[in-house]
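Residue-level structural notes
Residue-level listing of the chains:
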Amino acid sequence: MINRIGFGHDVHQLIEGNSLIIGGVSIPYYKGVRAFSDGDVLYHSIVDAILGSLSIGDIGQYFPSNNNKWKGADSQIFLEHANGLMIKKGYSINNIDSTVILQEPKLRPYTISMRKNIARLLNIDINQISIKATTTDKMGYIGNNEGIAATTIILLSK
Ligand code: ZN
């Protein structure tokens, strides 16, 4: 068996009045993500983890923000594309472990829905997906509620 590990990290700015979509879940909050696509920081970190595990570049290479095709795009498209590339190479996902880093709001009420979305898109079991949330104890740009980040590690095998 061949195992490959991947890591993804993504950051977006938070501004008032925009929508906040994390893991495909629309979260009611007075701030949202400023981004070219829908700015789903969790999906983006998973995409980069998949691409990284295969050593085939990063999300910006496949979906450049200077291409209007991806303006306001549902990041589900990016995730499905990365998954397709992985399948073409004969790999399957063992597990995904993600952390979303934000000061507010609390994500726990939404993580089950996020895991369900990811399981459906990647055709894996919900138990293969972990989503955690943490704050930065009010320090730095995340603690000041200016931004949001997500990190993901993934293990593939074939
Ligand atoms: Zn992003």
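Each remark here, short or long, concerns the structure printed above.
Residues numbered from 1 in each chain as written. Predicted model: local features only at pLDDT ≥ 70, side-chain atom pairs only at ≥ 80, totals over all residues. Heavy atoms only, no water.

The next subject is helix α1 (residues 41–53). A rise of 1.5 Å per residue sets the reference length of α1, with its 13 residues, at 18 Å; its end C-alpha atoms lie 18 Å apart and thus fit the reference within 8%. If you check which residues of α1 are buried, you get Val41, Leu42, Tyr43, His44, Ser45, Ile46, Val47, Asp48, Ala49, Ile50, Leu51 and Ser53. One or two residues past the end of α1 sits Ser55, with phi positive at roughly 55°. (Helix = DSSP H or I, 4+ residues; strand = E, 2+ residues; numbered from the N terminus. Expected span 1.5 Å × (residues − 1). Buried < 20%, exposed > 50% of the residue type's maximum accessible area, 1.4 Å probe, protein only.)

Moving on: the packing of helix α3 (residues 76–88) against helix α4 (residues 111–122). Direction vectors running N to C along α3 and α4 enclose 45°, while the axes themselves pass 9 Å from each other. The angle between the axes of α3 and α4 places the two elements in the oblique class. Relative to α4, the crossing made by α3 is right-handed. Of the residues in α4, those touching α3 at Gln76, Leu79, Glu80 and Asn83 are Arg120, Leu121 and Leu122. For the contact of α3 with α4, the residue count by class is three nonpolar, two polar and two charged. (Axes fitted to C-alpha atoms, helices over the stretch in contact; angles between N-to-C directions. Parallel < 35°, antiparallel > 145°, perpendicular 65-115°, else oblique. Left-handed = near helix turned anticlockwise from the far one by under 90°. Contact = heavy atoms within 4.5 Å. Nonpolar A, V, L, I, M, F, W, Y, C, P; charged D, E, K, R; others polar.)

Applying the stated criterion across every chain, the model contains four aromatic pairs. For the pair Tyr29 and Tyr30, a centre-to-centre distance of 5.0 Å together with 55° between the ring planes defines the contact as tilted. The exposure class assigned to Tyr30 is partly exposed, which follows from its relative accessible area of 45%. Look at Phe63 and Trp70: their rings are 4.7 Å apart centre to centre, the planes differ by 90°, and that puts the pair in the edge-to-face class. Each member of the pair, Phe63 as well as Trp70, carries the same accessibility label: buried. Ring pairs connect the aromatic residues Phe63, Trp70 and Phe78, which therefore count as one cluster. (Phe/Tyr/Trp six-rings, centres within 6.5 Å; stacked < 30°, edge-to-face > 60°.)

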